[in-house]
Every structure is written in C-alpha cells, then in structure tokens.
Amino acid sequence: MRFSIKGDQPITVFQITALFSMIFALIGFSYNVWRMEITEYNSNMRSASFELLLQLSELEGIVYAAHYDQDKFEGNPRKGWIKVNLIADLSMIAEPEVNLSANALKQRWQENWQELAQSEESAQNVIEAIDSTRNSVRDLISQLN
C-alpha cells in the first residue's frame, strides 16, 4: 500500500511503520533511563538513611552511657565526636533537610559534650537533636518511591 503526500515519492506502510517504531523505541529508551536514575537515587538514599539511623542510635547509646550510666569507657566523648562527624558526613549524601538536621546535631553536640556526664539539660539537648535528625531521615525514607 502506498500513500502520496505532495510530491513524486510515495510513502509506503513500511516507512510509516519504521518511523513509528523509531519514535516508540526512543520514548521507551528515555523512560527506561529516567526510571533507572530514579531507582539508583532511591537506592542511594535508602542506604545512606539506614546507615544514618544506625549511627544515630549508637550516638544515643553513647549519650545514655555517659550521662545515666556514668560509664567513661562507653560514654567517651571521643567516640561521640567520631559518630557526630560520621553522621554529618553521611548526611551530605542525603537531602538538604537531613544535612541541616545533622549539622544542627553537630552544633548541639559541640555545645553540650563537656557537661554531658553531669548535666541532665546537656543530655536532653543532644537527645533532642538526635531525635530531630532521626525524624528528618524517616521523612526522607517515607518520601522515596
């Protein structure tokens, strides 16, 4: 079957089929690339988020050991600094809201770590910052599709 569109060269069904096939292939390839990008992003965010949650719980354990147990080994502030800095570094991979929360946690830790063993207020300040960061991470995980 041949169609003629203003001119001497008729267009065959084969040519029309080839054109539509090419268009559908490009659309399919574009969607596939987009979907793979989204999947990779979600995978990276999940991995970073789960690691952040683990580090936050370990930091919380350090705070509890320092304040409530008065354990100078498990509640060592140097361990806390390591965790706080790791949390801040990991948060750079995540969304800006998580990064802001982690930086606020680092600031709160910096202000309160010296009185952590003696002051209930210092311990509560750090725990509130940990909880805030944890909530930011949970929000990020819940937004992933």
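See the structure above.
Since this is a predicted model, take the numbers as computed values, not measurements.

Conventions adopted
Residues numbered from 1 in each chain as written. Predicted model: local features only at pLDDT ≥ 70, side-chain atom pairs only at ≥ 80, totals over all residues. Heavy atoms only, no water. Phe/Tyr/Trp six-rings, centres within 6.5 Å; stacked < 30°, edge-to-face > 60°. Helix = DSSP H or I, 4+ residues; strand = E, 2+ residues; numbered from the N terminus. Buried < 20%, exposed > 50% of the residue type's maximum accessible area, 1.4 Å probe, protein only. Lys NZ or Arg CZ within 6 Å of the ring centre and 35° of its normal.

Student: Got a minute to help me understand the packing of aromatic side chains in this structure?
Tutor: Centre-to-centre distance and the angle between the planes together describe a pair of aromatic rings. All chains considered together, the criterion is met by four aromatic pairs. Ring geometry for Y31 versus W34: centroids 5.7 Å apart, planes at 40°, classification tilted. Taken as a pair, Y31 and W34 lie in helix α1 (residues 13-67) at a separation of three residues, close to a single helical turn. W34 gets classed as partly exposed once you look at its relative accessible area, which sits at 46%. Ring geometry for W81 against W109: centres 6.4 Å apart, planes inclined by 90°, an arrangement best described as edge-to-face. Here W109 lies in helix α3 (residues 96-112) and W81 lies in helix α2 (residues 77-91), a separation of 28 residues in the sequence. Of the residues examined, W109 reaches a relative accessible area of 0% and is grouped as buried. Every member of this aromatic cluster is reached through a ring pair, and the members are W81, W109 and W113. Geometry around F73 places K79 over its ring, the cationic atom sitting 4.3 Å from the centre.

Shape descriptors only; they carry no functional weight alone.
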